[in-house]
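Working through the structure, step by step
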Amino acid sequence: MIRRTVVLFLAALLPLLAGAGQAQATGYRYWSFWERDGGAWTYATQGPSLARPSDGDVQGFRFSVSEDSADAAKPRGTADFAAICAGTPPRDGEKRVALVIDFGTSADAPAGETPPAGRTACARVSPDATTADALAAVAKPLRYDTSALLCAIAGYPEKGCGEQVSGENAPAPGEKDTPNPSGSSDSSDSSGSSDGGPSLGLVAGIAVVVLLGAAAAWQVRRRG
């Protein structure tokens with residue numbers, strides 16, 4: 001009876017352990033939108049077509065694979081308005097918006113595409129312009145889907161829009177923090193293991209399986 005119970009338990013537990021590592025890698029590939037609040041990035045509560053930044057604001061975009069806003073990688077690179085807009089003097093009747101555009105890492109890129117180097121730009125637009133207007137002024141071509149989701153900035157990526165990425169196609173958590181080619185010091189924050197290895201829960205689960213298997217073998221020898 002003991003042997004049968006252990007075998008049934010192992011049969012039920014193994015599929016759960018097999019799927020545990022894969023569940024951590026599930027996410028979506030998309031452009032996230034950020035606003036600079038003092039010295040930190042905050043995930044925008046409105047889309048770029050609704051947000052109306054003020055003169056002197058800094059807005060950011062990051063292409064990456066993430067599960068949700070809490071897991072999303074932040075833009076890297078210079079995020080100082082004075083530095084970005086140093087060559088764009090103020091003008092009456094217009095506002096200046098500093099934009100940080102981070103195309104992400106090769107691990108985030110769709111198959112067959114290479115992310116361009118990150119860039120900054122100072123958009124000079126009308127006082128009532130949205131962030132989307134500012135982005136269109138300096139980073140065309142833009143691409144949107146039928147629900148107005150931003151799919152591409154400066155033509156990147158060439159295809160796809162918010163598609164789900166799971167299993168071995170998703171980058172390990174540590175890969176999202178790889179410094180960009182420009183050598184910026186503003187690194188992105190992301191959750192999860194820093195080395196992309198198996199979770200502690202998965203290792204513990206495997207240990208349980210091994211112990212139970214040993215117990216089952218001991219019971220067989222004892223009853224024999």
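Thresholds applied
Residues numbered from 1 in each chain as written. Predicted model: local features only at pLDDT ≥ 70, side-chain atom pairs only at ≥ 80, totals over all residues. Heavy atoms only, no water. Helix = DSSP H or I, 4+ residues; strand = E, 2+ residues; numbered from the N terminus. Buried < 20%, exposed > 50% of the residue type's maximum accessible area, 1.4 Å probe, protein only. Areas by Shrake-Rupley, 256 points an atom, 1.4 Å probe, with all protein chains shown as cover. pLDDT = per-residue confidence, 0-100. Contact = heavy atoms within 4.5 Å. 1 Å grid on protein atoms, 1.4 Å probe; cavity = no way out; pocket = protein on both sides within 12 Å on 5 of 7 lines; lining within 4 Å. Points joined across faces, edges and corners; volume = space filled by probe spheres on them. Nonpolar A, V, L, I, M, F, W, Y, C, P; charged D, E, K, R; others polar.

Okay, the overall build of the protein chain next. Counting its secondary structure elements, the protein chain contains 4 helices and 8 strands. Counting helices and strands in the order they occur from the N terminus, the protein chain gives α-β-β-β-α-β-β-α-β-β-β-α. For the protein chain, the proportion of its 224 residues judged to be buried stands at 36%. Surface summary for the protein chain: the accessible area is close to 12,200 Å², and the carbon and sulfur share equals 55%.

This part takes up the confidence of the model for the protein chain. Per-residue confidence for the protein chain gives a mean pLDDT of 77; residues scoring 70 or more make up 63%. Low confidence marks residues 172-212, where pLDDT is under 50. Its contacts with residues over four positions away, or in another chain, come to 58 contacts.

In this section: the layout of surface pockets. By volume, the second largest pocket is sized at about 240 Å³. Taken together, 15 residues make up the lining of the second largest pocket; nearest its centre are W31, F33, G47, P48 and L149. Here the element with the most residues in the lining of the second largest pocket is strand β1 (residues 27-37); it accounts for 4 residues. Of the residues belonging to the lining of the second largest pocket, the class tally is 11 nonpolar, 4 polar and no charged.

The subject of this paragraph is the environment of E94. Turning to its location among the elements, E94 is positioned in the loop between α2 (81-84) and β4 (95-102). The residues contacting E94, other than those within four sequence positions of it, are D55, R124, V125 and P127.

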